[in-house]
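Remarks on the overall topology
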Amino acid sequence: GAVVSQHPSRVICKSGTSVKIECRSLDFQATTMFWYRQFPKQSLMLMATSNEGSKATYEQGVEKDKFLINHASLTLSTLTVTSAHPEDSSFYICSARDGRTNYGYTFGSGTRLTVV
Amino acid sequence: GQNIDQPTEMTATEGAIVQINCTYQTSGFNGLFWYQQHAGEAPTFLSYNVLDGLEEKGRFSSFLSRSKGYSYLLLKELQMKDSASYLCAGYDNYGQNFVFGPGTRLSVLP
């Protein structure tokens, strides 16, 4: 089945620094990947849609200059949290759709970001 | 856009049956999904319904009524490991986005 690899699984960074999260589709090509954020005891909130070879589409209220998304190939999308602050601490999850199935989207394992 | 609604929390007893409901309003329906998510982990796929009716898969079944904008996930023979959040999800914007409901936190008690 479709596998999406997300790295790192956990990261702790200092306020003001930047953190890059990678999302790779391992056995399929993903022209579109999605980035979600999840705060404790809340559901996944869509942050942005990452399209290979073009600019990402951000949801309302998500700062595109703060959450930089790059989808340079059909198997890799990256999310960079720039100038991180403690309120950015959250669980970030990527997903991609394997067009060979109807099973919605396959998710990465998530990244737990803690900004201190 | 898509509005998806689920109960926030439910509690059930080990060995029992529980039904988790989901209502939705969508711009361009293209199937409804259920995911299970344990705390601190990514969601895992449970079921997909695109036609009306009941889809059974082992202890888990999912039902869809497109005319009513309604779905439910039925869990039978509950086990302690079924304690998790259950997320109803679907496509929005005519298949452009994949969005989730608020999730239902299920606690299975001994």
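This text follows the structure it describes.
Below, the structure is looked at part by part. Bear in mind the structure is a predicted one, so any value in this text is a computation, not a measurement. (Residues numbered from 1 in each chain as written. Chains lettered and ligands numbered in written order. Predicted model: local features only at pLDDT ≥ 70, side-chain atom pairs only at ≥ 80, totals over all residues. Heavy atoms only, no water.)

**Quick word on the environment of B:Pro110**
All names here are of chain B. With respect to the helices and strands, Pro110 occurs in the segment after strand S11 (104-109). The spatial distance from the C-alpha of Pro110 to the C-alpha of Ala12 is 8.9 Å, given a sequence separation of 98 residues. Apart from residues no more than four positions distant in its own chain, Pro110 is found in contact with Thr13, Glu14 and Met80. (Helix = DSSP H or I, 4+ residues; strand = E, 2+ residues; numbered from the N terminus. Contact = heavy atoms within 4.5 Å.)

**A word on the sheet that holds strand S3 (residues 18-25) of chain B**
Residue and element names in this part refer to chain B. Spatial strand order, S1-S3-S8-S7-S6: five strands in an open sheet with antiparallel pairing. Sheet topology places strand S1 (3-5) and strand S6 (53-57) at the edges, where each strand pairs with a single neighbour. Going across the sheet, the axis of each strand differs from the next one's by a mean of 15 degrees, ignoring polarity. Sheet topology places S6 next to strand S7 (residues 60-65); five bridges connect them, and they run antiparallel. Each bridged residue has a counterpart across the sheet, and for Lys57 the counterpart in S7 is Phe60. (Pairing = 2+ DSSP bridges. Axes fitted to C-alpha atoms, helices over the stretch in contact; angles between N-to-C directions.)

**Comments concerning the nonpolar core**
Of all hydrophobic cores here, the largest spans 37 residues; its most connected members are B:Trp34, B:Tyr35, B:Leu75, B:Tyr86, B:Phe98 and B:Phe100. Looking at which element gives the most residues to this core, the answer is strand S9 (residues 84-92) of chain B, with six residues. Membership of the second largest hydrophobic core comes to 24 residues, among which are A:Val4, A:Cys13, A:Leu79 and A:Ala84. (Core = buried A, V, L, I, M, F, W, Y, C linked by side-chain atoms within 4.5 Å. Buried < 20%, exposed > 50% of the residue type's maximum accessible area, 1.4 Å probe, protein only.)

**Topic: the pattern of salt bridges**
Residue and element names in this part refer to chain B. The full count for this structure, using the stated rule, is six salt bridges over all chains. Arg105 is the partner of Glu9 in a salt bridge, and the nearest nitrogen-oxygen pair spans 2.8 Å. Placement of the pair is Glu9 in strand S2 (residues 9-13) and Arg105 in strand S11, with a sequence separation of 96 residues. A relative accessible area of 24% places Arg105 in the partly exposed class. (Salt bridge = Lys/Arg side-chain N within 4 Å of Asp/Glu carboxyl O.)

**Digging into the pairing of strand S10 (residues 97-100) of chain B**
Looking along a regular strand, one sees the side chains alternate between the two faces of the sheet. All names here are of chain B. Side-chain alternation along S10 places Asn97 and Val99 on one buried face and Phe98 and Phe100 on a second face that is also buried. Relative to S10, S9 is paired through four bridges, and the arrangement is antiparallel. Note on S10: the bridge partner recorded for Gly90 is Val99.

**Re the interface of chain B and chain A**
Counting from both sides, the interface comprises 20 residues of chain B and, opposite them, 20 residues of chain A. For the pair chain B and chain A, the two sides together bury roughly 1500 Å², of which 59% comes from carbon and sulfur. Between chain B and chain A we count zero salt bridges in total. Joining chain B to chain A, the criterion identifies three residue pairs in polar contact (both at pLDDT 80 or more). (Buried area = accessible area lost by both parts, 1.4 Å probe. Polar contact = N/O pair within 3.5 Å; in protein donor to acceptor, adjacent residues only side chain to side chain.)

**Re the side chain of A:Lys66**
Residues and elements named next belong to chain A. Along the chain, Lys66 falls in the loop between strand S6 (57-58) and strand S7 (67-73). Separated by 2.9 Å, the side chain of Lys66 and the backbone oxygen of Ser83 make a polar contact. For Lys66, the residues in contact, after removing those within four places along its chain, are Thr80, Val81, Thr82, Ser83, Ala84, His85 and Asp88.

**Looking at the packing of aromatic side chains**
Inspection of every chain in the model, using the stated rule, returns 13 aromatic pairs over all chains. Summarising the aromatic geometry, the rings of A:Tyr36 and B:Phe100 are spaced 5.4 Å apart at their centres and angled 80 degrees between planes, so their arrangement reads as edge-to-face. With A:Tyr36 in strand S4 (residues 32-38) and B:Phe100 in strand S10, the pair connects residues from two separate chains. Residue A:Tyr36 shares its accessibility class with B:Phe100, and that shared class is buried. A cation sits over an aromatic face here: A:Lys66 above A:Phe67, 5.9 Å from the ring centre. (Phe/Tyr/Trp six-rings, centres within 6.5 Å; stacked < 30°, edge-to-face > 60°. Lys NZ or Arg CZ within 6 Å of the ring centre and 35° of its normal.)

That is the geometry; function is a separate question.
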